[in-house]
Amino acid sequence: MIYNYKNVAINYTDNGEGKTVVLLHGFLEDLTIWKEIALVISKTHRVIAIDLFGHGKTPCLGYIHTMEDMAKSINALLNHLNIKDVVIIGHSMGGYVSLAFSELFPSKVNGIGLVNSTSEPDSEEKKQNRDRAIKAVKHNQQTFVGMSVANLFAPENRERFQNEIFQIKKQALKTPVQGIIAALEGMKIRPSRTDFFKSLECKKMIVIGQHDPVMNPKSTRQLFENSDVEILELSGGHMSYIENLEDLSDFMVHFIDF
């Protein structure tokens, strides 16, 4: 389905009936990452999955796609669909967008889930890595994508999921260079939302990969161990929707229904 927002055709899917769940993909991904999980959830709920700016079948909005830009487009889509409140769950960059949405439109959020994501901003080192990534993708998109995707999996899973890694790379290469750059620029400037996340009065969860090379599992666990954020630790890396599909699916269903 298509919704036109500021002359950008936002691609989304809308399946099932009942309480609305919004699913947001991560960097270099698209809404199809949720295909299997959405099939389960849509048996009892309405599930909306969205291609964020510059990803999947949704074109770019501008040179920088801030998390707030993406959040506002989601709000416009929900208004268009006459949806008043949601449970919003995002993988990686989708988690950053979920947090931005929750801060901008808190009355619409019944629950928020971060999957392999964080409420912390980029460190100075990570900002420098984003800048290097922008240079790398301008130089050779294929090499950049190839290195980026494989490194997201726990080392012991790279051979086990080699077919899935191949498919992810294939899909990621469809992401336009400008879409990649705009997302990197947007992630680089996002603020800390840790205090906000802790204070948000709704159900909250975070999924951690014990061998996640992108999100530090130990510091994330420490950040929320004395809060009301429900934490699930899984054995894989950054790609829990592949590495730990069944456990993640069960946990998400429990979280949504709780």
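The coordinates are above.
Sequence positions are assigned chain by chain, starting from 1 and proceeding in written order. Only residues with pLDDT of 70 or above have their local features reported here, since the model is predicted, and side-chain atom pairs are shown and tallied only from 80 upward, although totals for entire chains, interfaces and linings are computed over all residues. The side-chain numbers reported here are obtained from all heavy atoms of the structure, hydrogens and water having been left aside.

*Asks:* What's the story with unusual backbone geometry in this structure? I'm lost.
*Replies:* Negative phi is the rule for most residues except glycine; trans is the rule for most peptide bonds. A positive phi is found at leucine 28, a non-glycine position, where the angle reads about 65°. The helix count covers DSSP runs of H or I at least four residues long, the strand count covers runs of E at least two residues long, and both are numbered beginning at the N terminus. Looking at the element boundaries, leucine 28 is found in the loop between β3 (20–24) and α1 (35–41). Exposure categories follow from relative accessible area, calculated using a 1.4 Å probe and restricted to protein chains: below 20% of the type maximum is buried, above 50% is exposed, and the middle band is partly exposed. The exposure class of leucine 28 is buried, given its relative accessible area of 6%. A positive phi angle, near 55°, is found at serine 92, a position not held by glycine.

*Asks:* How should the sheet that holds strand β8 (residues 230–234) be read in this particular structure?
*Replies:* Backbone hydrogen bonds are what pair the strands of a sheet, in a parallel or an antiparallel way. Note: two strands are recorded as paired if DSSP finds a minimum of 2 bridges between them. Taken together, the eight strands give an open sheet; going across it, the order is β1-β2-β4-β3-β5-β6-β7-β8, and neighbouring strands pair in mixed fashion. Both outer strands of the open sheet, β1 (2–5) and β8, are each paired with one neighbouring strand and no more. Taken pair by pair, the neighbouring strands of this sheet meet at an average axis angle of 20°, ignoring direction. As defined by bridge partners, β3 adjoins strand β4 (residues 46–50) across five bridges and the pair is classed as parallel. Across the sheet, residue valine 21 finds its bridge partner in β4, namely valine 47. Axis lines are fitted through C-alpha atoms, for helices just across the contact stretch, and the angle between N-to-C directions can take any value from 0 to 180 degrees.

*Asks:* Where do I start with the pattern of salt bridges in this structure?
*Replies:* Once the charged atoms of two side chains with opposite charge are near each other, the side chains can pair. Salt bridges are defined by distance alone: a side-chain nitrogen of Lys or Arg within 4 Å of a carboxyl oxygen of Asp or Glu. Under the criterion given, the structure shown has 10 salt bridges. Among the ionic pairs, lysine 188 bridges to glutamate 185, the shortest N-O distance being 3.2 Å. With lysine 188 and glutamate 185 both in helix α7 (residues 177–188), this residue pair falls three residues apart, about one helical turn. Of the two residues, lysine 188 and glutamate 185, both sit in the buried class. Here the salt bridges share partners, and the residues they tie into one network are Glu68, Glu103 and Arg193.

*Asks:* Explain a nonpolar patch on the surface here, please?
*Replies:* Among the surface-exposed residues, Tyr63, Ile64 and Ile189 lie close enough to one another that they form a single nonpolar patch of about 290 Å² accessible area. For isoleucine 64, the location among the structural elements is in the loop between β4 and α2 (67–80). When its relative accessible area of 35% is taken as the criterion, isoleucine 64 is described as partly exposed. Exposure above 30% relative accessible area and the absence of a salt bridge qualify a residue for a patch, where like charges join within 9 Å and nonpolar side chains (Val, Leu, Ile, Met, Phe, Trp, Tyr) within 5 Å. Surface accessibility in these figures is a Shrake-Rupley result with a 1.4 Å probe; residues are shielded only by whichever protein chains are displayed.

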